Amino acid sequence: MAIQFDLSKKIFKLDTCTTSYVIGLSPEGYVGHIYYGPRLNFMCTNSLLRMEERPYTPSVNRREKCSFLDFFPMEYPTGGIGDYRESCLDVRSENGSMACEIFYQHHTIQKGKPALNGLPASFGAENEVETLEIFCEDPVLKLQVVLSYSVFVQEDIITRNVKILNQGTGRLRLEKVYSACLDMDNEEFEMLYLCGSWARENHLRRGKVRRGRQRISSNKGESGHQEHPFLALVTPETTQTTGKVYGMHFVYSGNFLAQAEQTQFGQVRMVMGINPEEFCWNLEPGCEFQAPEAVLVYSNEGLGKMTRSLHDFYRSHMIRSKYLYQKRPILINNWEATYFDFDTEKLLSIAREAQKDGIEMLVMDDGWFGKRNCDDSSLGDWYVNEEKLPQGLPDLVNKVREIGLEFGIWFEPEMISPDSGLYRAHPDWVIRIPGREPGQSRAQYVLDLSRPEVRDYAYESVARILRSAPISYLKWDMNRQLCDMGSSYLAADAQQELFHRYVLGVYEMQERLVTEFPDLLLENCSSGGGRFDPGMLYYSPQIWCSDDTDAMERLRIQEGAAMLYPLSSIGAHISDCPNHVTGRTTPFATRGHVALAGTFGYELDITRIPKEDRCQIPGQVETCRRYQHLIRTGDYYRIASWSEAAPYDCWEVAAKDRREALVTYVQVLAVPNIHSRKVLLQGLAPEKRYILEETGEVYTGEELIYCGFLIKELYGDCQSRLYHFVAAKE
Ligand code: GLA
């Protein structure tokens, strides 16, 4: 039983393999947070709710709200009633006041996990997950708040979500609805998060939690390149293998906020949810609002354990695509090869050469439709450009398939160019504020996805093309952030729903897509990793990680992504040098080793790259085939981090049965007079003997784990090696 309720103590205990989460009810019916940490074997008391403590104003303890609510550890704090820390729910009633106070009513415990209406969310079979729903009520507002906790025992994950129902007779306005809160004592916590920009996504940052509120967020309409919807609080000694880690990851692809707040009493409140900036939701009588899911993870063995919990969880309980555990085709994409300058013959010449080297799919990127010869027109006009593809798309697809490759295509369905037939026909389909010229970005506007007919048009544009030819793969791109938020479809007092409705629109379209085309391999993208989040993983098993394909930049970007996401979801390609974004030249082999820690593919003009690079491709393809199963299913270990100032980067993927491990070592800068580097491997069986495939040398597991493995200094910058260890047959 993963979830227990002790009626006499009024305590819920949620257990995963190695963690426990404890919730207690106060005599008033407040739902309090007692504990999250290493697994407890016995039910605890509710003393940590601090109900016996003297109030902080000098008086007797009369349980006056105003003297204890501000330090009561709340599961889901509401605004306006005297808890002055960050609230999770702010409700404005028809009389204009803002206050909400919720009390426990009843609860249910069930096997399995209900789906979330209109939103991506984790799933699991009845023997994999149990769900607790705590029903609370504000008796004045007649508002029901359902706090849901799903316990994924094996993966050490607890997910939370919240549903709000208006059971009264008046309209309520939800001004803030977060998805999760953790009230804890401060343990000198540091915040760990990912941030960046276009072409440098997911850089790791860490800093002390100071007094007051420190947040990361997006107000850009997507989760964003800039800050990632993930926050961890870690104790100062935390490394890959030591320290306590409390992580929260948000299953949402729009505006978010994640915050740590250190209070007057030295407590810490951590919250995660939809960014309340420019958010408000009208909740009519009888209606409900479903907040997105938050994923909670605790590790007392450092970051590595958190990473492996999340990887297992996303693989088993978030990614639905049939490609999850299937061999993915090795693709070649023509974006960096040709940009907009291509035609049928050029694409076929790439396909012919790619086929010779074992590449399995050609992806035609941007520029195949309308009159799009650069990025200033035609989004929305999803008709083949007959100058480039005179015989049409089915003809091209069939020819590519005759060559022996599958075919993939690029779309940007959420967008509309001012210079497009679509815009001329439907200027009102654009997100804009009346009387104000909407801002352009990359010469494009954003479609108003709150309008059902716009979603239908955008979806049908994609589906019509997919129905017209045997297309195996779709890259769904989204290349600008949102502003000038106005919709001619929504009433004046519903304009603040637009950001969220936009995200719901994206989800609805992708749901239709994966339902109608279950065999399609979908890759999401947003100018690289601008919408790389768990929400998108629910629809696509892989996401393009960054427009920066420079192998050295990718070390940081992929290290950040791989801290949270399985390698099989991280879009990574080998491109030509000098790299188009950085101008840097790196060895072709190193580019291959780095791309191997992701989906692996090519993004270059194979008909023109230097001979010495070209002749490495068959070997790289072979290497990818040999190790893809391990990368898809194995346990990931970060051994050394260049981004954290080590002179080299090193990671390892070990098979779950510990029979093999692949170690990748990248020497970023050569250092003179250093002869070798010692790395300590992980995830091996100490008692097993391992053969290093490249040399035949034999090591015991314990030697590799505790004494280490010596990697000889390589000659030159940006050099790399793979080491494959295989358990000897005993
Ligand atoms: C975005 C993507 C690129 C490419 C271009 C095409 O930037 O991230 O991979 O598809 O759009 O315009």
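Preceding this section is the structure that the text describes.
Residues numbered from 1 in each chain as written. Predicted model: local features only at pLDDT ≥ 70, side-chain atom pairs only at ≥ 80, totals over all residues. Heavy atoms only, no water.

Another point: the environment of Phe 709. With respect to the helices and strands, Phe 709 occurs in strand β38 (residues 709-712). Take Phe 709: its relative accessible area is 3%, and that puts it in the buried class. Separated by 576 residues in the primary sequence, Phe 709 and Glu 133 have C-alpha atoms spaced 49 Å apart. Excluding residues that lie within four positions of it along the chain, Phe 709 makes contacts with Arg 677, Lys 678, Val 679, Leu 692, Tyr 699, Leu 704, Tyr 723 and Phe 725. (Helix = DSSP H or I, 4+ residues; strand = E, 2+ residues; numbered from the N terminus. Buried < 20%, exposed > 50% of the residue type's maximum accessible area, 1.4 Å probe, protein only. Contact = heavy atoms within 4.5 Å.)

Here we take up the sheet that holds strand β33 (residues 648-654). Across the sheet, 6 strands lie side by side as β32-β33-β34-β39-β36-β37; this open sheet has antiparallel pairing. Bordering the open sheet on either side are β32 (635-640) and β37 (698-700), each of which pairs with just one other strand. Strand-to-strand twist across the sheet, computed as the mean angle between neighbouring axes with direction ignored, equals 25°. Where strand β36 (residues 689-692) lies against strand β39 (residues 719-727), 3 bridges are found, and the strand directions are antiparallel. Paired with Ile 691 across the two strands is Val 726, which belongs to β39. In this fold helix α11 (residues 588-595) packs onto β33, β34 (660-667) and β39, with an angle of close to 50° to the strand it touches most, β39. Lying over the sheet, helix α13 (residues 617-633) contacts β32, β33, β34 and β39, oriented at roughly 105° with respect to β34. (Pairing = 2+ DSSP bridges. Axes fitted to C-alpha atoms, helices over the stretch in contact; angles between N-to-C directions.)

This part takes up the site of the ligand. Around the ligand, the structure places 13 residues, and the nearest of them are Asp 365, Asp 366, Arg 442, Lys 475 and Asp 547. Contact distances for the ligand include 2.7 Å between an oxygen atom and a side-chain N or O atom of Asp 365. At 2.9 Å from an oxygen atom of the ligand is found a side-chain nitrogen or oxygen belonging to Asp 477. Computed on the free molecule, the ligand has an accessible area of 310 Å², of which 96% lies beneath the protein chains in the complex. (Near = heavy atom within 4 Å. Polar contact = N/O pair within 3.5 Å; in protein donor to acceptor, adjacent residues only side chain to side chain. Areas by Shrake-Rupley, 256 points an atom, 1.4 Å probe, with all protein chains shown as cover.)

Core analysis: the largest hydrophobic core is formed by 199 residues, its most contacted members being Trp 368, Leu 393 and Tyr 602. Not counting the four nearest positions on each side in its chain, Tyr 602 is found in contact with Ile 330, Leu 331, Ile 332, Asn 333, Ile 359, His 573, Ile 574, Phe 588, Ile 617, Gln 620 and Val 621. Residues Ala 661, Leu 684, Tyr 690 and Leu 692 belong to the second largest nonpolar core, which totals 24 residues. (Core = buried A, V, L, I, M, F, W, Y, C linked by side-chain atoms within 4.5 Å.)

Here the focus is the pattern of salt bridges. Counted by the stated rule, this structure contains 59 salt bridges. Arg 315 is the salt-bridge partner of Asp 312, the closest N and O atoms lying 3.0 Å from each other. With Asp 312 and Arg 315 both in helix α2 (residues 302-317) and 3 residues apart, the pair spans about one turn of that helix. Look at Arg 315 and you get buried, because its relative accessible area is 3%. A salt bridge links Lys 356 to Glu 353; the nearest nitrogen and oxygen atoms lie 2.8 Å apart. With Lys 356 and Glu 353 both in helix α4 (residues 344-356) and 3 residues apart, the pair spans about one turn of that helix. (Salt bridge = Lys/Arg side-chain N within 4 Å of Asp/Glu carboxyl O.)

Right, let's get into α11. Three or four residues apart is the spacing at which side chains of an α-helix point the same way, because the helix has 3.6 residues per turn. Within α11, 7 of the 8 residues are buried, which leaves it mostly tucked inside the rest of the structure. When α11 is considered as a whole, its buried residues turn out to be Phe 588, Thr 590, Arg 591, Gly 592, His 593, Val 594 and Ala 595.

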